[in-house]
Amino acid sequence: MSGQHQTLGEFIIKNQSAFQYSSGELSSLLNSIRLAAKVVNHEVNKAGLVDIIGAAGDTNIQGEDQQKLDVYANEKFIQTMTKRNIVCGIASEEEDDFIAINSQDKNNGNKYVVLIDPLDGSSNIDVNVSVGTIFSIYRRVTPVGTPVTIDDFLQKGSEQVAAGYVVYGTSTMIVYTTGAGVNGFTLNPAIGSFYLSHPKMTFPEDGHIYSVNEGNYIHFPQGIKNYIKYCQQEEGDRPYTSRYIGSLVSDFHRNMIKGGIYLYPQSSKNPKGKLRLLYECNPIAFLAEQANGKSSDGFTRTLDVQPTELHERVPFICGSKNMVEKAEEFMRNAK
Ligand code: AHM
Ligand code: MG
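Parameters and conventions
- Residues numbered from 1 in each chain as written.
- Chains lettered and ligands numbered in written order.
- Predicted model: local features only at pLDDT ≥ 70, side-chain atom pairs only at ≥ 80, totals over all residues.
- Heavy atoms only, no water.
- Pairing = 2+ DSSP bridges.
- Helix = DSSP H or I, 4+ residues; strand = E, 2+ residues; numbered from the N terminus.
- Contact = heavy atoms within 4.5 Å.
- Axes fitted to C-alpha atoms, helices over the stretch in contact; angles between N-to-C directions.
- Buried < 20%, exposed > 50% of the residue type's maximum accessible area, 1.4 Å probe, protein only.

Trainee: Give me the sheet that holds strand S7 (residues 162-168): which residues, what numbers.
Mentor: The pairing of strands in a sheet happens through backbone hydrogen bonds and is either parallel or antiparallel. Spatial strand order, S4-S3-S5-S6-S7-S8-S9-S10: eight strands in an open sheet with mixed pairing. Where the open sheet ends on each side, the last strands, each with one partner, are strand S4 (99-100) and strand S10 (193-198). When strand S6 (residues 131-139) meets S7, the two strands line up antiparallel, connected through seven bridges. When the sheet's bridge partners are listed, Ser 136 is paired in S7 with Ala 163. Sheet strands touched by helix H2 (residues 25-45): strand S5 (112-120), S6, S7, strand S8 (172-177), strand S9 (182-188) and S10. Its angle to S6, the strand with the most contacts, is close to 165 degrees. Strand contacts of helix H6 (residues 248-258): S5, S6, S7, S8, S9 and S10, with the helix running at about 100 degrees to S7, the strand carrying the most contacts.

Written as structure tokens, this is what we have:
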């Protein structure tokens with residue numbers, strides 16, 4: 001393990017001064033995410049043992065079945081951040097509307113809002129496949145001490161001050177950025193500490209893995225169909241390898257380490273794609289760019305999209321720079 005056995009807690013403190021708004025609040029916020037991640041990890045790890053798997057019976061705003069662990073993770077992340085009184089608002093995939101946290105209190109100086117997907121890919125839990133938490137952090141745009149509004153959440157991804165994910169995999173990791181590169185930390189479950197295991201993570205510029213749900217092929221736009229055929233062609237370093245877990249965090253994590261591209265395009269079934277801009281695509285796009293990768297909807301940089309709704313969806317193409325540029329070229333040419 002590299003990084004002189006530095007823990008995540010030590011790393012956050014050491015790097016606090018390098019961050020442009022180094023009031024310590026962002027450090028506490030990251031620390032609260034670290035704590036919630038450990039609690040959720042403990043529960044996710046037990047999923048096969050206790051009768052906690054399966055749908056809770058509710059449906060979320062997108063009409064999807066909620067799994068019990070989704071609900072649990074949602075509660076834990078919200079509770080941890082609320083109790084520590086460090087954010088003024090939270091939006092979550094599992095909540096229809098954003099939650100304001102004492103934001104109208106004049107003594108509450110909290111300036112950060114968090115957008116979170118507490119347990120992404122949760123349909124994979126029943127089959128013991130990796131899932132993840134995705135988070136995105138902004139400074140509020142409305143004045144401190146006034147109620148948070150939807151405008152505080154509908155910011156372009158380029159305004160993010162930090163973003164990251166937790167992957168509950170064969171090991172549990174936290175990977176995050178505050179705009180100065182991407183670092184990954186692995187949990188030592190015996191001690192309960194995250195250690196810097198993947199310093200300065202970067203995408204290889206080229207890759208050999210493409211990740212897409214090919215079951216939707218028939219519904220994809222022509223540019224994506226042509227790109228998939230290109231990936232499969234026998235020429236030069238192709239055909240590429242196809243790898244699709246169906247868990248965004250895990251697919252992205254693998255592609256960042258090995259080099260690859262992830263695609264969830266629009267289709268005739270889902271004209272705006274499936275993934276949510278604010279708490280799935282933007283944080284992952286910020287990480288991708290910080291790791292030398294690229295992210296777009298095929299035409300527009302993900303981080304430049306002006307959000308108009310909390311739960312809006314966007315087509316998403318993300319990964320190794322040259323691969324994303326090639327896919328964009330196919331999109332342009334098929335127009
Ligand atoms: P979720 O938020 O309901 O878990 O959906 C998001 C997940 C992503 O993690 C994954 O990449 C994608 O949905 C898989 O979708 P599909 O099953 O349509 O391929
Ligand atoms: Mg999700």
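Trainee: Break down the pairing of strand S3 (residues 89-92) for me, with residues and values.
Mentor: Judged by which residues are buried, S3 turns out to be covered on both faces: Gly 89 and Ala 91 on one side and Ile 90 and Ser 92 on the other are all buried. With two bridges joining them, S3 and S4 adopt antiparallel strand pairing. Among the inter-strand pairings, Gly 89 is bridged to a residue of S4, identified as Ala 100. Connecting the antiparallel pair S3 and S4 is a turn made up of six residues. Relative to S5, S3 runs parallel, the two sharing four bridges. Residue pairing across strands places Ile 90 opposite Val 114, the latter belonging to S5.

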